[in-house]
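Structural overview
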Amino acid sequence: MLTVTDNARTAVEGLVQENQVPAEGGLRIAEAAGQPGNFELALVQAPEAQDQVVAQSDTTHVFVDQAASVALDDLTLDIQPDADGPGFVLVQA
């Protein structure tokens, strides 16, 4: 199962609060349409029916869609600083 670092969890929490996402919403990772191996991250109001919840706290949820869950099984969601600010990255666990 995809794991989430504390730094990534904190970043998700900040995005959720900044964008006023409801408590049941969070960050969703899904395979990009027509692009196997590429993933899209989006803030969502609630998970899809088949989504896997990989990180959860009172203020933070990270969801992975069913199609992406196999590809992300041994990876970790983390934060990598760059010139434009921190960005999410998927790294080997």
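The text that follows walks through the structure, step by step, so that each part is easy to find. (Residues numbered from 1 in each chain as written. Predicted model: local features only at pLDDT ≥ 70, side-chain atom pairs only at ≥ 80, totals over all residues. Heavy atoms only, no water.)

Things to note about the nonpolar core
Within the largest apolar cluster, 16 residues are counted, with the highest numbers of intra-cluster contacts made by Leu 2, Val 4, Ile 29, Val 62, Val 64, Leu 72 and Leu 77. Going through the elements one at a time, α1 (6-18), β2 (26-31), β4 (52-56), β5 (61-64) and β6 (75-82) are the ones with two or more residues in this core. Counting residues per element, this core draws most heavily on α1, which supplies 3 residues. (Core = buried A, V, L, I, M, F, W, Y, C linked by side-chain atoms within 4.5 Å. Buried < 20%, exposed > 50% of the residue type's maximum accessible area, 1.4 Å probe, protein only. Helix = DSSP H or I, 4+ residues; strand = E, 2+ residues; numbered from the N terminus.)

Re the pattern of salt bridges
Scanning the entire structure with this criterion turns up 2 salt bridges. Residues Asp 6 and Arg 9 are paired through a salt bridge, measuring 3.3 Å at the closest nitrogen-oxygen approach. With Asp 6 and Arg 9 both in helix α1 and 3 residues apart, this pair spans about one turn of that helix. We classify Asp 6 as exposed; its relative accessible area is 57%. Across the salt bridge formed by Arg 28 and Asp 51, the nearest N and O atoms sit 2.6 Å from each other. With a gap of 23 residues between them, Arg 28 in strand β2 and Asp 51 in the loop between β3 (39-44) and β4 connect regions that are remote in the sequence. (Salt bridge = Lys/Arg side-chain N within 4 Å of Asp/Glu carboxyl O.)

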